[in-house]
Amino acid sequence: MTNSEAVQRRLSVGIVVLPGFTLTALSLFLDPFRLAADDRDQSRQIRCAWKICTLSGGPVTSSSGIVVEPTAPLGELDECDYIAIVGGLLTQYQPHQQTVIDFIKRADRRGKVIVGLCTAAFFLAEGGLLADRNCCVSWFHRDDFLERFDGYTADTASLFHQSGKHFTCAGGLGAAALALSIIENEISEELARKSASILLIPYEMVRAEQPALSFSGVRSPIVRRAIRIFEETLEEPVPMVTVARRLGISVRQMERAFKQALGRTAFEVREELRVRRAKELLADSEMTLLEVAVASGFTDTRSMNRSFQRQKQKAPRTFRKQSIS
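Worth saying up front: this structure is predicted, and the values here are computed from it rather than measured.

Novice: What exactly am I supposed to notice about the pattern of salt bridges here?
Specialist: Side chains that differ in charge, positive against negative, can pair when their charged atoms come close. Summed over the entire model, instances satisfying the criterion amount to 12 salt bridges. Taking the shortest distance from any N to any O, the salt bridge between Arg-310 and Glu-271 comes out at 2.5 Å. One end of the pair, Arg-310, is in helix H13 (residues 301-310); the other, Glu-271, is in helix H11 (residues 266-284), and 39 residues separate them in sequence. The class for Arg-310 is partly exposed, based on a relative accessible area of 45%. A residue is classified by how much of its surface remains accessible, and Glu-271, at 4% relative accessible area, is buried. Taking the shortest distance from any N to any O, the salt bridge between Arg-276 and Glu-272 comes out at 2.8 Å. Of this pair, Arg-276 and Glu-272 both sit in helix H11, 4 residues apart, roughly one helical turn. It is possible to trace a salt-bridge network through shared partners that takes in Arg-264, Glu-272 and Arg-276.

Novice: Please explain the layout of surface pockets as it appears in this structure.
Specialist: Looking at the largest pocket, its volume works out to about 810 Å³. The wall of the largest pocket is formed by 25 residues, among which Arg-142, Asp-143, Glu-231, Glu-232 and Arg-277 lie closest to the centre. Of all elements in the fold, only helix H5 (142-148), strand S8 (153-155), helix H8 (221-232) and H11 reach the threshold of two or more residues within the lining of the largest pocket. Per element, the largest residue contribution to the lining of the largest pocket is 5 residues, and it comes from H11. A class-by-class count of the residues in the lining of the largest pocket yields 10 nonpolar, 4 polar and 11 charged.

Novice: Any chance you could explain the packing of aromatic side chains here in plain terms?
Specialist: Any pair of aromatic rings gets described here by the distance separating the centres and the angle formed by the planes. One pass over the structure, following the stated rule, counts 9 aromatic pairs. Considering the side-chain rings of Phe-29 and Phe-33, the 5.2 Å spacing of their centres and the 65 degrees angle between planes classify their relative orientation as edge-to-face. Separated by 4 residues within a single helix, Phe-29 and Phe-33 lie in helix H2 (residues 23-37), roughly one turn from each other. We note that Phe-29, like Phe-33, is buried. Aromatic pair Phe-122 and Phe-145: ring centres 5.3 Å apart, planes at 70 degrees, arrangement edge-to-face. Residue Phe-122 is found in helix H4 (residues 121-126), and its partner Phe-145 is found in helix H5; the two are separated by 23 residues along the sequence. A relative accessible area of 1% places Phe-122 in the buried class. Classification of Phe-145 as buried rests on a relative accessible area of 0%. Taken together through their ring pairs, the aromatic side chains of Phe-122, Phe-145, Phe-149 and Tyr-152 make up a single cluster.

Novice: Even after reading the chapter, I still don't get the sheet that holds strand S6 (residues 113-117), so can you show me in this structure?
Specialist: Across a sheet, strands are paired by hydrogen bonds formed along the backbone, either parallel or antiparallel in direction. One open sheet holds the 6 strands; their spatial order is S2-S1-S5-S6-S10-S9, and the pairing between them is mixed. Here the strands that pair on one side only, and so sit at the sheet edges, are strand S2 (48-53) and strand S9 (160-163). Strand-to-strand twist in this sheet, taken as the mean axis angle between neighbours without regard to direction, amounts to 20 degrees. Along the sheet, helix H3 (residues 98-109) makes contact with strand S1 (11-17), strand S5 (82-86), S6 and strand S10 (166-169), crossing S5 at roughly 165 degrees.

Cut-offs and rules
Throughout this document, residue positions are counted from 1 along each chain, in the order its sequence is written. Since the coordinates come from a predicted model, pLDDT governs what is reported: local features require at least 70, and pairs of side-chain atoms require 80 or more to be given and counted, while whole-chain, interface and lining totals use all residues. Here the side-chain values reflect all heavy atoms present in the structure, with hydrogen atoms and water set aside. Whenever a carboxyl oxygen of Asp or Glu lies within 4 Å of a side-chain nitrogen of Lys or Arg, that contact is scored as a salt bridge. A run of H or I in DSSP counts as a helix once it spans at least four residues, and a run of E counts as a strand once it spans at least two, with each numbered from the N terminus. Burial classification: accessible surface area is computed with a 1.4 Å probe over protein chains only, and a residue below 20% of its type maximum counts as buried, one above 50% as exposed, and the rest as partly exposed. Definitions used for this entry: grid spacing 1 Å over protein atoms alone; cavity, a set of points where a 1.4 Å probe fits but cannot get out; pocket, an open set with protein on both sides within 12 Å along at least 5 of 7 lines; lining residue, one with an atom within 4 Å of a point. Grid points are joined across faces, edges and corners, and a volume is the space filled by probe spheres set on the points. Polar here means any residue outside two lists: the nonpolar Ala, Val, Leu, Ile, Met, Phe, Trp, Tyr, Cys and Pro, and the charged Asp, Glu, Lys and Arg; Gly therefore counts as polar. Only Phe, Tyr and Trp rings are paired, with Trp represented by its six-membered ring, and only when their centres lie within 6.5 Å; those with planes under 30 degrees apart are stacked, over 60 edge-to-face, the remainder tilted. What makes two strands pair is DSSP finding at least two bridges between them. Axes here mean lines fitted to C-alpha atoms, for a helix over just the part in contact, with angles spanning 0 to 180 degrees between N-to-C directions. Two residues form a contact once any of their heavy atoms are found within 4.5 Å.

So this is what it looks like as structure tokens:
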């Protein structure tokens, strides 16, 4: 698409901020559109237009205490192509908030593309808008999501996820990645790259992943994704063949990737993750040794003891005693 064509295409984005929303999710989603909308940095709403609304019509306080005033009434979002709901503090999220659910369902019936940013993604799941029952959430909120939505998958590897015509996003830099992706698809890659450049964001981030909690320096995408699966399924481990299948490769290919990236097998890496989890629980909880073993993915205390030994760690009982003293 040429720049002249881009000017003729005015993309409209409506943003609804919920109480306790995170400023990063709002600003990193909005600013790419602002920068793509005009030449230089004049912020005129030429190629893109945006409105910020609240459900009450009044000001809303963010998670950091900064108050944001709406720029338009909620009814004006009927004119928008995309509607983004911005969540934040999980303590502010309460199931069955009918005002939010009714709003997103109405927007869905009107053909709008709905984006759930940060914990607002929970509302898209609750409203039944996720066709594949897969929701992109931050690793920080994974357990909370799965406790609330039985039968759903929590995607903690992607920065954002498209389910049917709607999007969910983990927040943070994921909000910028999603906005840049929308700009690329709806207006032009040139303007998306311009926005990323001004924001000092590597454009390749649009197709990046959430950072894994462990082995963060790993460069292999296959190994990073496998480690993420290990982390997600630590308490209820899945067979290596299932992990490889989710990665779209064979077990042999997966093992080769682990050897090249870390010099260890996938089994050894997963075992290290289990031992790490067990040590955390031994030091910070009052769970019994058996409870710690099960919560860390071991079948019993004997298998946990063997893994500690292979990882050249002190026996679990000894480790706990020394951690407490």
